[in-house]
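Listed below are the residues making up each chain.
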Amino acid sequence: MKAEARDLIDAMPLPAVLIRWDERIDAANAEATALLGEGLAGRHFITVLRQPVLLDAIEGTFRDGTPRKTRYLSTDGRQDTAFDVACRAVALEKGPGVLLTFADVTHLEQAGQMRRDFVANVSHELRTPLTALLGFIETLRGPAREDAAARERFLGIMETEAERMERLVGDLLSLSRLEAEERVRPTEPLDLPELMSSVLNGLAPLAEEAGVSLVRDLPEGPLEVVGDSDQLRQVMVNLVENAVKYSGRGAQVTVRLSPPTYQPRLRAEGVEIEVTDTGPGFDPLHIPRLTERFYRVDSHRSREMGGTGLGLAIVKHIVNRHRGRLRIESAPGKGSTFRVILPLRATAARSDGA
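This structure is a prediction, so every number in the text was calculated from the model and none was measured.

1. Some details on the environment of Asp84
Then, number 1: Considering the arrangement of structural elements, one finds Asp84 in strand 4 (residues 80–92).
Then, number 2: Exposure remark for Asp84: the relative accessible area of 32% places this residue in the partly exposed category.
Then, number 3: As a C-alpha pair, Asp84 and Leu257 span 173 residues in sequence and 51 Å in three-dimensional space.
Then, number 4: The contact partners of Asp84, leaving out residues within four places of it in the chain, are Thr70, Arg71, Thr101, Phe102, Ala103 and Val105.
Then, number 5: A distance of 2.8 Å separates the side chain of Asp84 from the side chain of Arg71, its partner in a polar contact.

2. Things to note about the packing of aromatic side chains
Then, number 1: As enumerated under the stated definition, the model contains four aromatic pairs in all.
Then, number 2: The interplanar angle of 80° and the centroid separation of 6.4 Å between the aromatic rings of Phe83 and Phe102 together place this pair among those described as edge-to-face. Here the residue Phe83 occupies a position in strand 4, and Phe102 occupies one in strand 5 (residues 95–104), the gap between them amounting to 19 residues.

3. Considerations on the side chain of Gln263
Then, number 1: Checked against the element boundaries, Gln263 lands in strand 10 (residues 261–263).
Then, number 2: Given the relative accessible area of 7%, Gln263 is considered buried.
Then, number 3: Of the polar contacts made by the side chain of Gln263, one reaches the side chain of Thr261; its length is 3.2 Å.

4. Brief notes about the pairing of strand 11 (residues 268–277)
Then, number 1: Counting buried positions over the ten residues of strand 11 gives eight, a clear majority of the element.
Then, number 2: Relative to strand 11, strand 9 (residues 252–257) runs antiparallel, the two being bridged by five bridges. When the sheet's bridge partners are listed, Leu257 is paired in strand 11 with Ile273.
Then, number 3: Across three bridges, the pairing between strand 10 and strand 11 is antiparallel. Note on strand 11: the bridge partner recorded for Gln263 is Ala268.
Then, number 4: Taking the residues that link successive antiparallel strands as the turn, the strand 10-strand 11 hairpin has four residues, and the phi of Arg267 there is positive, at about 55°.
Then, number 5: Bridge count for strand 11 against strand 13 (residues 336–343) is eight bridges, and the pairing is antiparallel.

5. Side note on the pattern of salt bridges
Then, number 1: Counted by the stated rule, this structure contains 15 salt bridges.
Then, number 2: The partner of Asp26 in a salt bridge is Arg20, and the shortest N-O contact between them spans 3.1 Å.
Then, number 3: For Arg321, the salt bridge goes to Asp228, with nearest N and O atoms at 3.4 Å. Of this pair, Arg321 sits in helix 10 (residues 311–321) while Asp228 sits in the loop between strand 8 (224–226) and helix 8 (229–247), and the two are 93 residues apart along the sequence.
Then, number 4: Here the salt bridges share partners, and the residues they tie into one network are Asp217, Arg256, Glu272, Glu274, Glu329 and Arg339.

6. Examining unusual backbone geometry
Then, number 1: Even without glycine at this site, Arg267 takes up a positive phi of about 55°.
Then, number 2: Its relative accessible area of 69% is what places Arg267 among the exposed residues.
Then, number 3: Look at Arg323: it is not a glycine, yet its phi comes out positive at around 60°.
Then, number 4: Tracing the sequence through the fold places Arg323 in the loop between helix 10 and strand 12 (325–330).

7. Regarding helix 10
Then, number 1: Burial analysis of helix 10 places nine of its eleven residues in the buried class, which makes it a mostly covered element.
Then, number 2: All of the buried residues in helix 10 are Gly311, Leu312, Ala313, Ile314, Val315, His317, Ile318, Val319 and Arg321.
Then, number 3: Once helix 10 finishes, Arg323 follows within two positions and takes phi at roughly 60°, a positive value.

8. A word on helix 7 (residues 192–210)
Two residues of an α-helix separated by three or four positions point the same way, owing to the 3.6 residues in each turn.
Then, number 1: The end-to-end C-alpha distance of helix 7 is 26 Å, a good match for the 27 Å that 19 residues give at a rise of 1.5 Å each.
Then, number 2: Maximal helix bending in helix 7 amounts to about 40°, located at Leu203; proline Pro205 follows within four positions.
Then, number 3: Within the span of helix 7, buried status applies to Leu192, Pro193, Leu195, Met196, Val199, Leu200, Leu203 and Ala207.
Then, number 4: Two residues or fewer after helix 7 comes Gly211, characterised by a positive phi angle close to 75°.

9. Re the confidence of the model for the protein chain
Then, number 1: Looking at the protein chain, pLDDT values average 87 and 94% of them are 70 or higher.
Then, number 2: Across the protein chain, element-level confidence peaks in strand 9 with a mean pLDDT of 95 and bottoms out in helix 11 (residues 345–353) with 47.
Then, number 3: This stretch, residues 347–354, has a pLDDT under 50; its non-local contacts, to residues over four places away or in other chains, come to five contacts.

Analysis parameters
- Residues numbered from 1 in each chain as written.
- Predicted model: local features only at pLDDT ≥ 70, side-chain atom pairs only at ≥ 80, totals over all residues.
- Heavy atoms only, no water.
- Helix = DSSP H or I, 4+ residues; strand = E, 2+ residues; numbered from the N terminus.
- Buried < 20%, exposed > 50% of the residue type's maximum accessible area, 1.4 Å probe, protein only.
- Contact = heavy atoms within 4.5 Å.
- Polar contact = N/O pair within 3.5 Å; in protein donor to acceptor, adjacent residues only side chain to side chain.
- Phe/Tyr/Trp six-rings, centres within 6.5 Å; stacked < 30°, edge-to-face > 60°.
- Pairing = 2+ DSSP bridges.
- Salt bridge = Lys/Arg side-chain N within 4 Å of Asp/Glu carboxyl O.
- Expected span 1.5 Å × (residues − 1).
- Bend = angle between axes of the 7 residues up to and from the residue.
- pLDDT = per-residue confidence, 0-100.

What follows is the structure, given as structure tokens:
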């Protein structure tokens, strides 16, 4: 093989393997070595590329010179990886050869799986209330047509299920909007203690009805951050409402806003919003998945409480848009703490101007 051709293979940004006329590997670049292992040159391609669909494609290209595409599956030790492999016939000095290039499509596979999971989850979440509504409509048209008491009870249940679907659709739309503008930084200054106080005043009746003590620890005077007022209000409502709903009667929910300090996670000055409850808590193994769409620690209880399974996913996207951080701590019997760290207004302004 000429040095120029070898240099060309080495310069390819994708893993590339050249198989010569005697079915031995003639050359492989560094990316291919990282994928397939050391010592490739001189080996028969069957001993290196053991997957039948890939072997069939190579043999077919050797046989008739037709370009082919196939799939190669591997693992990097942490996750499965998928590659689209292009097989192309090339003319070498002593006979025909086949050039293989491997394009990593793992991210596309993962995105496709996420879409499939998302559709499956939405379908599942909507199927239950829709089934209930259809069942009650059928009952009201039939056996309960003249039963006033049953009709009133069924209409109440139907209203609850319809409201649940409305919340789900609303949260899905919120997520869609957040994803569309997640890279667009907010520009409006807002007084964070004032916003938090407004949210807590609005949720006070809910806490009283649930038998939960709502304690606030907010600094005196204004404290400005750059943010979207409606979105940060949504963060506060989601976190405090969850704490009130799931803590249980007699629990205490404390909402605290720290004074400005250097935040190592932001590598800048910031403030910390902390929502702590004295509820039952949960196993820390759930924490890495809590912000996934539709993930619930207790699915049955969450649905009973009217949850859609999207609240913390929405919180995560809003916090990301504000260049903040979300931290969660919990343990069984020890309650839970949700922390939102946000950069100060001056920090955000310097960051935008940098």
